[in-house]
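These are the residues of each chain, in order.
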Amino acid sequence: MNLADSAFLRACRRQAVPHTPVWYMRQAGRSLPEYLKVREGVPMLTACETPDLIVEITMQPVRRYGVDAAIFFSDIVVPLKAIGVDLDIKPGVGPVVADPIRDAKALDVLRPLEPDDVPYVTEAIRALTGELGGTPLIGFAGAPFTLGSYLIEGGPSKNHDRTKAMMYGEPKLWHALMERLTDIVLTHLRVQIDAGASAVQLFDSWVGAVAPDDYREFILPHTRRIFAGVADVPRIHFGVGTGELLGVLGEAGADVVGVDWRVPLDEAARRVGPGKALQGNLDPAILLAPWEVVERKAREVLRRGGAAEGHVFNLGHGVLPSTDPDQLKRLTDLVHEATS
Ligand code: CP3
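Here, residues in each chain are numbered from 1, in the same order as that chain's written sequence. Local features in this predicted model are restricted to residues of pLDDT 70 or higher, and side-chain atom pairs are both shown and tallied only at a pLDDT of 80 or more, whereas totals for entire chains, interfaces and linings draw on every residue. Side-chain measures here rest on the full set of heavy atoms in the structure, leaving out hydrogens and waters.

1. Observations regarding the site of the ligand
Put simply, the test is: We call a residue near a molecule or strand whenever a single non-hydrogen atom of that residue lies within 4 Å of it. Here a polar contact is recorded for every N or O atom pair within 3.5 Å, except that within protein the pair must consist of a potential hydrogen donor and a potential acceptor, and residues adjacent in sequence are included only if both atoms are side-chain atoms. We get accessible surface area from the Shrake-Rupley algorithm with a probe of 1.4 Å; when it comes to residues, only the shown protein chains can shield them. Only protein atoms enter the 1 Å grid, on which a cavity is a set of points fitting a 1.4 Å probe that cannot get out and a pocket is an open set with protein on both sides within 12 Å along at least 5 of 7 lines, lining residues being those with an atom within 4 Å of a point. Should more than half of a molecule's atoms lie within 2 Å of a pocket's or cavity's grid points, that molecule is taken to sit in it. In DSSP terms, a helix is any run of H or I states spanning at least four residues, a strand is any run of E spanning at least two, and both are numbered starting from the N terminus. Each residue gets one of three labels, nonpolar for Ala, Val, Leu, Ile, Met, Phe, Trp, Tyr, Cys and Pro, charged for Asp, Glu, Lys and Arg, and polar for the others, Gly among them.
Around the ligand, a shell composed of 25 residues is seen, among which Ala-28, Tyr-35, Asp-75, Ser-205 and His-317 lie nearest. Within the side chain of Tyr-35, an N or O atom sits 2.7 Å from an oxygen atom of the ligand. At 2.6 Å, a side-chain N or O of His-317 approaches an oxygen atom of the ligand. If the ligand stood free it would expose 860 Å²; the protein chains cover 91% of that surface. In this structure, the ligand is accommodated by the largest pocket. Those elements that place two or more of their residues in the shell around the ligand are α2 (33-39) and β3 (94-97). Grouping the constituent residues of the shell around the ligand by class yields 15 nonpolar, six polar and four charged.

Listed below in structure tokens is the structure:
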């Protein structure tokens, strides 16, 4: 099948679909036994720099579930490591940065990313486009706010206090940091598109911590610049806890807005406004409940998703590590059967 005719790309463009397309954030990863096997003894960031492993891990959920899109196996901090930021991904914790960015001098480490800094990304995506055939590959990057939070806090944070302190207290430094991250993110997305990614997702996972007016002032100009620079492919914009931000996220320039589980999709469509497709939004924790519950809730998501101009079925956030892969297989089949 022609890639452009895939259900996923058609739904992103708000065109008629043969069935509702489905993929899962974090579909590759710790819930899959075949993933744990190939990752044995290999640190996360090493895996992200090894083309053979990237290809294998990206393919695993496509083979097992028959999802409508693959997501490139990597992490949001990979381009930062590639330009020399001293960081690691600690199992069970997340990204940890050795020298947090707290002043203008510290910005120097954020030099522009060059395509040659991430040769393993280009190599893996070229190999993947061959293996995937008619299944689209989603490239991705972390958004400047979410990347900035890891860089400023030095690691995962509940309230993003230091991040907000810089945003409110040192707006010039804040915007300078966002500018540098925007340049890095743009190059990283361009590398993925130029190598063969068919769509991109910008993960602003932690932006739900910010109020709408502050989003508009401190973040929107930067996300707008990112989406304007990748307008040749469908663009997905995702964050968690963004119920109050859906309207302003709709202004950032993506084709598809991701919705977590807190706002039903018909209401989200109203908040985002016309001219957008939606992605989501089954609560990932529902997959830990008996199948009858999963089925009932998934049908409800599909019904309410019908109010959107296009719907890409997904979870409201990433697959939880304790998820039974058989539940995800059944869910994928249900979405396909219920909508074709
Ligand atoms: O579907 C996929 O798995 C695609 C690959 C992918 C990973 N991270 C692999 C990964 C993607 C798209 C990401 C994005 C990412 N990374 C985000 C945005 C998405 C989201 O969940 O909100 C964020 C915030 C990160 C930062 C990060 N990296 C966290 C919070 C963690 C989890 C730490 C933990 O162990 O609990 C990571 C590590 C990570 N990234 C793992 C995987 C498979 C687990 C590490 C491992 O298996 O050793």
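There is more to say, and it comes next.
2. A word on the environment of Gly-94
Going by this rule: Contact criterion: two residues are considered in contact whenever any of their non-hydrogen atoms come within 4.5 Å of each other.
Within the secondary structure, Gly-94 sits in strand β3. Aside from chain neighbours lying at most four places away, what touches Gly-94 is Asp-88 and Ile-89.

3. Let's talk about the UniProt feature "domain: Uroporphyrinogen decarboxylase (URO-D)" (unreviewed entry) in the protein
Just so we agree on the cut-off: UniProt positions are given in the numbering used here, feature names are shortened, and annotations may be inferred rather than shown by experiment.
Residues given the UniProt feature "domain: Uroporphyrinogen decarboxylase (URO-D)" (unreviewed entry) here are residues 21-30 and 138-154. Counted over residues 21-30, helix gives 0% and strand 0%. Its end C-alpha atoms are 23 Å apart. Secondary structure content for residues 138-154 is 59% helix and 29% strand, and the end C-alpha separation is 28 Å.

4. Concerning the packing of helix α4 (residues 51-65) against helix α6 (residues 119-132)
To keep things clear, this is the line we draw: In this analysis, axes come from line fits to C-alpha atoms, helices being fitted only over the stretch in contact, and the angle between any two N-to-C directions falls in the range 0 to 180 degrees. Roughly parallel means an angle under 35 degrees; roughly antiparallel means over 145; roughly perpendicular covers 65 to 115; every other angle is labelled oblique. Note on convention: near helix rotated counterclockwise from far helix by under a right angle means a left-handed crossing. Clockwise means right-handed.
Two numbers describe how α4 lies on α6: the axes approach to 9 Å, and their chain directions differ by 40 degrees. With respect to their mutual orientation, α4 and α6 come out oblique. Crossing geometry of α4 relative to α6 is assigned as right-handed. Note on element contacts: α6 touches α4 through Tyr-120, Glu-123, Ala-124, Ala-127, Leu-128, Glu-131 and Leu-132, opposite Pro-51, Ile-54, Val-55, Thr-58, Met-59 and Val-62. Grouping the constituent residues of the contact of α4 with α6 by class yields ten nonpolar, one polar and two charged.

5. Quick word on unusual backbone geometry
Convention followed: Each residue is placed in one exposure class: buried if its accessible area under a 1.4 Å probe, protein chains only, is under 20% of its type's maximum, exposed if it is over 50%, and partly exposed if it falls in between.
A cis amide bond links Gly-280 with the next residue in sequence, Asn-281, at an omega value of -10 degrees. Position of Asn-281 relative to the elements: it lies in strand β8 (residues 277-282). Despite not being glycine, Arg-26 shows a phi value in the positive range, around 60 degrees. Within the secondary structure, Arg-26 sits in the loop between α1 (7-12) and α2. Looking at Arg-26, the relative accessible area reads 52%, which means it is exposed. We note that His-160 has phi near 55 degrees; this positive angle belongs to a residue other than glycine. With respect to the helices and strands, the residue His-160 is situated in the loop between α7 (144-153) and α8 (161-169).

6. Some remarks on the nonpolar core
Generally speaking, nonpolar side chains in soluble globular proteins are found buried as a group. For clarity, the threshold we go by: Here, nonpolar core means buried Ala, Val, Leu, Ile, Met, Phe, Trp, Tyr and Cys residues that are tied together by side-chain atoms lying within 4.5 Å of each other.
Residues Phe-8, Leu-110, Tyr-215 and Leu-331 are the most contacted members of the largest nonpolar core, which totals 124 residues. In terms of residues, this core owes the most to one element, helix α9 (residues 171-195), which gives twelve residues. Apart from residues no more than four positions distant in its own chain, Leu-110 is found in contact with Leu-80, Ile-83, Val-85, Ile-101, Leu-151, Leu-177, Arg-180, Leu-181 and Ile-184.

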